[in-house]
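Listed here are the chains, written in short residue letters.
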Amino acid sequence: MISMEQFLLRQPSMPEETETDKFYFDICVSLAEIAKKMGLFPSYPEKVVERAALVLIGYYQDVISDAGVWRSFIDECRRMYGFPVPFFTKPGEDYFDYELNKADVFFMVWYALSMNYENRRVCNPLDREILEGAKKWYQELERHYEEAPIPVGYRFSAELEIHNEEDRPEIMRLANWLFLHCYLMTPAFALTLSEIANDYDLSKEEGLVEMQKRLDAAMWQDPTGPLALYLGEWLYLIVEGKPAPEPKIDNEKNSPHKYYTAFTEFTGGKKLAFFATYKELNEFFIRALGWAEGEEHLSQVKNDRDFVLMVDSQKGMLLARNVARCIAAPDNKLYDQEYARLHAMELLTERGLCPGDLLKLICKEGWLPDAHFPDSIDYKLVEDNNDFIARCYLQAYYRGD
């Protein structure tokens, strides 16, 4: 059963209880009770369903108060993709901005369930179980929509200015809530948090101290939320209502990286190369890059196969392994459609499998046509949303340099 403490932990006014919290807490509890009574979401543990209810009620409070988090999300989706809600809306479709929408609820239920349950993490958003349960939850939210009071504490961005020094304490309070407790950020960050925790011995005090330092750094250095934006980017969207300015680029041209020059000279200008075996890869290192003969270079990947090398004029060279058969690039003779239909989705959802710069190129060029969610052959659903899927699942592994 969802407790008031669990509910308050996710509220901007925590730990104080406001005069509107009871109203929304009761709806949140009713969502969990409806799911249990009607047997909704049978593939998910009760605790995961309760967590999804807590996430959904956060969305509900945001929409009713127009707090700015959901507004920022759909505005940025529309700017990036041409539609407001991944999977559930299309360009030109009727959609009521900043109001309660069935598409929003469907998305938030999928997002909360998949990000919080490892056994079904890569779950089809159009799965019947999710759609049927989300529809019942939407009906419950709609039933209370007209009577719902403006939730106290959710108008945090009103009249704030991102660069106003007087607003700095309020901006920092908002930043802490967004990163640690916001309904939209925390589901996507859950796996990153688990990865961070696994790096430290939490049974020892020094381990706890070091992990806290890492979390403090992560707040500004790691992307979060379903779009994998950095906290500064989220703050700019929420407070200023527009994307953060693009960083200034030094116009002074640097010399191309030495690997870029050698690679492209050897390949006739191509920036990608594919190798079925380690032997072929090692031979390329020697012949194309001039590495020492008679040695096994990067021997740590000796037992892998299906390699991809990519070069960038400034960053140099990157290596991906065990992925080449999934990539339908014109020059890739290793591409295997049968294999790709079984494994291509892993590039978008499995952290560390495919370097971010390579995956961005693959998505941009449409070289992952066989990726699909489990129990679905809707390749277009993934194709139309591949950048979003990679952001949501991979986070820093996709957006980081």
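Residues numbered from 1 in each chain as written. Predicted model: local features only at pLDDT ≥ 70, side-chain atom pairs only at ≥ 80, totals over all residues. Heavy atoms only, no water.

Draft legend 1. Examining the pattern of salt bridges more closely. Evaluated as defined, the whole model comprises 24 salt bridges. The shortest N-O distance in the salt bridge between aspartate 222 and arginine 214 comes to 3.2 Å. For arginine 399, the salt bridge identified is with glutamate 233, shortest N-O distance 2.7 Å. Taken together, the positions of arginine 399 in helix α16 (residues 396-399) and glutamate 233 in helix α10 (residues 231-240) put the pair 166 residues apart, joining distant regions of the chain. (Salt bridge = Lys/Arg side-chain N within 4 Å of Asp/Glu carboxyl O. Helix = DSSP H or I, 4+ residues; strand = E, 2+ residues; numbered from the N terminus.)

Draft legend 2. Layout of unusual backbone geometry. Put simply, methionine 14 and proline 15 share a cis peptide bond, and its omega is 5 degrees. Here proline 15 shows up in the loop between α1 (4-9) and α2 (21-38). Look at phenylalanine 41: it is not a glycine, yet its phi comes out positive at around 50 degrees. Examined against the element boundaries, phenylalanine 41 turns out to sit in the loop between α2 and α3 (46-65). Here phenylalanine 41 falls in the buried class, since its relative accessible area comes to 1%. One non-glycine residue, phenylalanine 87, lies in the positive phi region at around 75 degrees. Structurally, phenylalanine 87 can be placed in the loop between α4 (69-81) and α5 (102-116). (Buried < 20%, exposed > 50% of the residue type's maximum accessible area, 1.4 Å probe, protein only.)

Draft legend 3. Helix α13 (residues 337-349), seen in detail. Look at α13: 19 Å from first C-alpha to last across 13 residues, which is about the 18 Å you get at 1.5 Å a residue. Where α13 bends most, the angle comes to about 45 degrees, and this point is histidine 343. Considering only its buried residues, α13 is in contact with α14 (356-365) and α15 (379-394). Near the N-terminus of α13, the side chain that reaches the backbone nitrogen of glutamate 338, with its oxygen 3.1 Å away, is that of aspartate 336. (Expected span 1.5 Å × (residues − 1). Bend = angle between axes of the 7 residues up to and from the residue. Contact = heavy atoms within 4.5 Å. Polar contact = N/O pair within 3.5 Å; in protein donor to acceptor, adjacent residues only side chain to side chain.)

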